Amino acid sequence: MVAGTVMDPSGAIVVGATVEMRNPVSGFTRTTVTDVRGNFSFPNVPFNPYHLTVTKKGFASSAQDVDVRSVVPTNLNINLTVTGSTETVTVEASGEDLLENDSTFHTDVDRDLFDKIPLESASSSVSSLITLATPGVAADSNGLFHGVGDHAENSFSVDGQPITDQQSKVFSNQIPLDSIQSMEVISGAPPAEYGEKASLVINVTTRSGQGMTTPHGAVTASYGSFGTSNVGFNLGYGGEKWGNFISLNGLNSGRFLDPPEFRVVHAKGNEENAFDRLDFQVSKADSLHVNLGFTRSWFQTPNSFDQQNATAWKGLVVDNGGLGPDGLPVGPTDQRAQIKTFNIAPSWTRLINNNTVFTLGAFVRRDHFNYYGSGNPFADLAPGLQQETLGQDRTLTNAGLRSDISYVKGIHNIKVGASYQHTFLDENNRFGIVDPTFLGSLTDANGNPCVDDSGNPIAAPCTTLAPYDLTRGGTLFPSHGHADIKLLSLYVQDAITKGNWSFNVGVRGDIYNGLTSHNEAEPRLGVAYNIKKTNTVLRASYARILETPFNENLVLSSTGCADPVLNPLLTCSSLAATPFSPGWRNEFHVGLQQALGRYLVFSGEYIWKYTHNAYDFGVFGATPLTFPIEWHNSKIPAVAGRVSVPNIHGFSALFVFSSVTSRFFNPQLGGAGAVPPGTGGTENTPFRIDHDEKFNQTTHLQYQPWKTGPWFGFNWRYDSGLVAGAVPCAGGQSCGTDATVVDVAGLTPDQQFQAGLFCGSVRATPPSAANPLGTPISPDGLCAASQYGSTLVSIPAPGTQSDDHNPQRVAPRHLFDLTVGDDNLFRGDKYKWSLQVTAVNITNRVALYNFLSTFTGTHYVTPRAVTAQVGFNF
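All figures in this text were calculated on a predicted structure; none of them were measured in a lab.

Peer 1: Just to check I follow, could you spell out the overall build of the protein for this structure?
Peer 2: Scanning the protein for helices and strands turns up 7 helices and 47 strands. Rg of the C-alpha trace for the protein: 29 Å, near the compact-globule value of 29 Å for 874 residues, within the 12% margin. When each of the 874 residues of the protein is scored for burial, the buried share is 57%. Within the protein, residue pairs in contact and separated by at least 24 positions form 68% of the contacts whose partners lie at least 6 positions apart. Surface accessibility of the protein: about 33,200 Å² in total, with carbon and sulfur atoms responsible for 59%.

Peer 1: Explain the nonpolar core to me, please; I cannot follow it from the model alone.
Peer 2: A general tendency of soluble globular proteins is for nonpolar side chains to be buried together. Counting residues in each nonpolar core, the largest one holds 54 residues, and the members touching the most others are F431, L439, L465, L570 and F620. The element that contributes the greatest number of residues to this core is strand β24 (residues 477–498), accounting for 4 residues. In contact with L465, not counting residues within four places along its chain, are I433, F438, L439, L442, V565, P568 and L569. Counting residues in each nonpolar core, the second largest holds 27 residues, with F114, A133, I175 and F275 among its members.

Peer 1: For this particular structure, what's the right way to read the environment of T349?
Peer 2: Among the structural elements, T349 can be located in strand β20 (residues 336–353). Under the relative-accessibility criterion, T349 is labelled partly exposed at 23%. For the pair T349 and H151, spaced 198 residues apart in sequence, the C-alpha to C-alpha distance is 35 Å. Excluding residues within four positions of it along the chain, T349 makes contact with A285, D286, S287, V357, F358 and T359.

Peer 1: I would appreciate a short explanation of the pattern of salt bridges in the present structure.
Peer 2: Pairing is possible between side chains of opposite charge, provided their charged atoms come close. Applying the stated criterion across every chain yields a total of 34 salt bridges. One salt bridge in this structure joins D150 and R585, with 2.4 Å as the shortest N-O distance. Of the two residues, D150 is situated in the loop between β10 (145–147) and β11 (154–158) and R585 in strand β28 (residues 583–596); the sequence distance between them amounts to 435 residues. In this structure, a network of salt bridges that share partners links the residues D150, E547, R585, E587 and K609.

Peer 1: Looking at this structure, I do not really get the pairing of strand β19 (residues 286–300). What am I missing?
Peer 2: Looking down a regular strand, the side chains alternate between one sheet face and the other. For strand β18 (residues 269–281) and β19, the ladder comprises 13 bridges, and the chain directions are antiparallel. Paired with N270 across the two strands is W298, which belongs to β19. Hairpin connection, β18 to β19: the antiparallel pair is bridged by 4 residues. Across 15 bridges, the pairing between β19 and β20 is antiparallel. Its bridge partner lying in β20, V290 is registered against P346.

Peer 1: Just to check I follow, could you spell out the side chain of N551 for this structure?
Peer 2: By secondary structure assignment, the location of N551 is in the loop between β27 (536–547) and α5 (554–559). You can call N551 buried: its relative accessible area is 8%. Among all residues touching N551, those that are not within four sequence positions of it are D165, L396, T423, L425, E427 and I485.

Peer 1: Which parts of the structure should I look at to understand the side chain of R255?
Peer 2: Within the secondary structure, R255 sits in the loop between β17 (242–253) and β18. Here Y860 takes part through its backbone oxygen, which lies 3.2 Å from a polar atom of the side chain of R255. Here V861 takes part through its backbone oxygen, which lies 3.2 Å from a polar atom of the side chain of R255. If we skip the residues at most four places from it in the chain, R255 touches E120, F226, V264, A267, Y860, V861, T862 and P863.

Peer 1: What's the story with the sheet that holds strand β12 (residues 161–163) in this structure? I'm lost.
Peer 2: Sheet strands pair by backbone hydrogen bonding; their relative direction is either parallel or antiparallel. Read across the open sheet, the 5 strands follow the order β8-β13-β14-β11-β12; overall the sheet is mixed. In this open sheet, the two edge strands, each paired with only one partner strand, are β8 (106–110) and β12. Recorded for the sheet is a direction-independent mean angle of 20 degrees between the axes of neighbouring strands. Bridge analysis of β11 against strand β14 (residues 200–206) gives 5 bridges, and the strand direction is parallel.

Peer 1: Looking at this model, I keep getting lost on the state of the cysteines. Mind explaining?
Peer 2: In protein chemistry, a disulfide is the covalent bond that joins the sulfur atoms of two cysteines. Overall, the coordinates contain 4 disulfides when judged by the stated rule. Across a sulfur-sulfur distance of 1.8 Å, C450 and C462 are joined as a disulfide pair. Disulfide C450 to C462: torsion about the S-S bond roughly 40 degrees, handedness right-handed. Here the residue C450 occupies a position in the loop between β23 (412–433) and α4 (462–465), and C462 occupies one in helix α4, the gap between them amounting to 12 residues. In terms of burial, C450 and C462 fall into one category: buried. Between the sulfur atoms of C759 and its disulfide mate C783 the distance is 2.2 Å. Its S-S torsion of approximately 100 degrees makes the covalent link between C759 and C783 right-handed. Taken together, the residues span a long stretch of sequence, with C759 in strand β37 (residues 757–759) and C783 in strand β39 (residues 782–784) at a distance of 24 residues. Its relative accessible area of 12% is what places C759 among the buried residues.

Peer 1: Looking at this structure, how should I read the pairing of strand β35 (residues 711–719)?
Peer 2: Where strand β34 (residues 693–703) meets β35, 8 bridges bridge the pair, whose relative direction is antiparallel. Bridge pairing in β35 places N696 opposite D719. Here β35 runs beside strand β43 (residues 813–822); their pairing, made up of 9 bridges, is antiparallel. By the bridge assignment for β43, G713 is matched with T819.

Peer 1: For this particular structure, what's the right way to read the sheet that holds strand β3 (residues 28–33)?
Peer 2: Read from one edge of the open sheet, 4 strands run β3-β2-β5-β6, paired in antiparallel fashion. The sheet is open, and its two edges are formed by β3 and β6 (62–68), each paired on a single side. Across the sheet, the mean angle from the axis of one strand to that of its neighbour is 20 degrees, orientation sign disregarded. The pairing of strand β2 (residues 18–23) with strand β5 (residues 48–55) spans 5 bridges and is classified as antiparallel. Looking at the pairing, E20 lines up with T53 of β5.

Criteria and thresholds
Residues numbered from 1 in each chain as written. Predicted model: local features only at pLDDT ≥ 70, side-chain atom pairs only at ≥ 80, totals over all residues. Heavy atoms only, no water. Helix = DSSP H or I, 4+ residues; strand = E, 2+ residues; numbered from the N terminus. Rg over C-alpha atoms; globule rule 2.2 N^0.38 Å. Buried < 20%, exposed > 50% of the residue type's maximum accessible area, 1.4 Å probe, protein only. Contact = heavy atoms within 4.5 Å. Areas by Shrake-Rupley, 256 points an atom, 1.4 Å probe, with all protein chains shown as cover. Core = buried A, V, L, I, M, F, W, Y, C linked by side-chain atoms within 4.5 Å. Salt bridge = Lys/Arg side-chain N within 4 Å of Asp/Glu carboxyl O. Pairing = 2+ DSSP bridges. Polar contact = N/O pair within 3.5 Å; in protein donor to acceptor, adjacent residues only side chain to side chain. Axes fitted to C-alpha atoms, helices over the stretch in contact; angles between N-to-C directions. Disulfide = S-S within 2.5 Å.

Honestly, it's all geometry; don't read function into it.
Here it is in structure tokens:
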């Protein structure tokens, strides 16, 4: 909170003075008026530097900088000087106002940008905003984003509540964007209060109704491409000592998830969510705060043309008149999922004295994930991807306590805190084999077929799996898992400001007790120096971080290989369990911030991260069931930067960019498919993982000619392309020794079509009613390297492929988005009507996010989509 009293030269109070706080970089602006006691207050202010101005007719304007870096209230006494009644004083921001003398590289985003940046995904708008507005982020499908070269090593802090589990829309339901006031996205070395998954730390401040003495809110409705409709309502209301903000909305879309085809097939979904924040100041020293949230989402798993024409695969069902082994029609694949999420997070704040604040909070958050296979299990058979049908009922419950004491005095800003988290994991899975050729592909311990010439099981693992082979009349295999994951975290940190110097020092201790145990001391150190003469800030920082394993399907991945039934289904390398050990990272940062007058500020960073036990994900067939895996180590150097142009006569701009090298090293140490110690495996062999990207950038332009007039926002997003899956090529580390010919027989015609492959003038065609098997680029699966290529994947030249230095990549893409709106169509005062039209991918560019990615499979970017939204604001 920032509060104060405005007085005249004699010390008498000034009533009705206008007080404005603004941050020209983030776009934060808030205005209030002094009351009958000359007092003003700004509750719920995000941590940032601000420029505060006070104006009153008959007095000279007053301006000063206010740096909010703690929950300890900032109290100001402002004295105005008298001036002539006709004299006006204009107070403008300077280059110094654009700088932060802080060693931590971060990006601040306020609601002004939320409303005017075109977002690609309505069902994961928070992810879309972070991807577009934050340097160092690689875009992926289904609301997934990779922070600075790591797979989903991102955490949220929502009003102080830690959320470190995955937040993409195939795992959980995100906090609604409508409930967020501002975000600070930390890409640099995080302070000691943040741990676990800290490649990106998204510090969220939610909207509050405190101080809104008259109700303010909005009702919105939108409709657009793919039948996407959205209805929303929000309301904030309160007084000086209390407040309530509530947000409700519902979404229905024909393209809820990103499909494996550019044409949308079987991708419907809906989402309903509610968020409520209550604030109550019990006394001058005590205040209570409660966040409540519930979200339900239901969605279809999008189909490929192979899955939509399920009767086509290898003729197994086509030759049987479209009937499965049970004699029933197979039909298209129909896999669906439902996620229910609730969150309760109360907290109590006690002002001990003017320099010290104590906070105690509790929280419980629960994700309940249900996956449903097709009504006919044989429809789940997917060419080369899925040989089993499966269902899942999984819950992840994270409960805990957090407490901290903040002390601000002189040059010190000290925070000491602790948190305890207990995560309850329950996993219930059902598996069944639906491929009649699966058992015949397996071998026994001696490498011999485990079925006889008639296809009857004669040895393990075939004899073990036969009761669960649905093509032989078997039943589903039930799998149950439970785990308690406990984490105790302690930290102390101090932000020291001395002259032009700023120091951030701290240490964190994490005690992890899950399927394995690990304790880690994690020092943090940062230094920044402000060269005021040139408006330059130089910074450097270091962090040691304990990385805890992903919790989603952790039990299955850790113990599944020890089960004789699950072992071959998970393609395990042995019958040993493969539990995870927490990873630990050393990361180093150097950077600078440079302001050019009051018109532009640049912030850039060089990052180097070395991680022992680096995490990634594997996927079970072509299903939403994914599980964590662990590699020996990773090395990630990166460059990231941001250029901000604050509002100048209605124009503002944002440019973010990054170049990230993400090198992971064999062997796999944990999770299904891991190589147990002492059993061999390639040591220290590097490869580029599928969140490595040479370059990406977002350019956002925003213009509003006059304050109450129409506005537009424009995005240009360029991605050089993530590393792709196993795209055939000619010669190289993973493409054989023959650099003259390419063998594409391992891909179905539809997969060849998805990758945009061609052989000379011949292009693949996907399955259809008229051509149920599709047409490959070559009848025998072979194509001369000189005639082979792709329009959607960058394929290495013959003989040059290397998993480390020259892997296959998704082709570069340029995407352009535009939004145009008017926040006050009829120029109302108290009641305002708004209209906004947004178009994403306005050139209708056909492009891939990824192809046969180990984690996400194949997904296309959104085709051209237009959405119109009308709103009533009061």
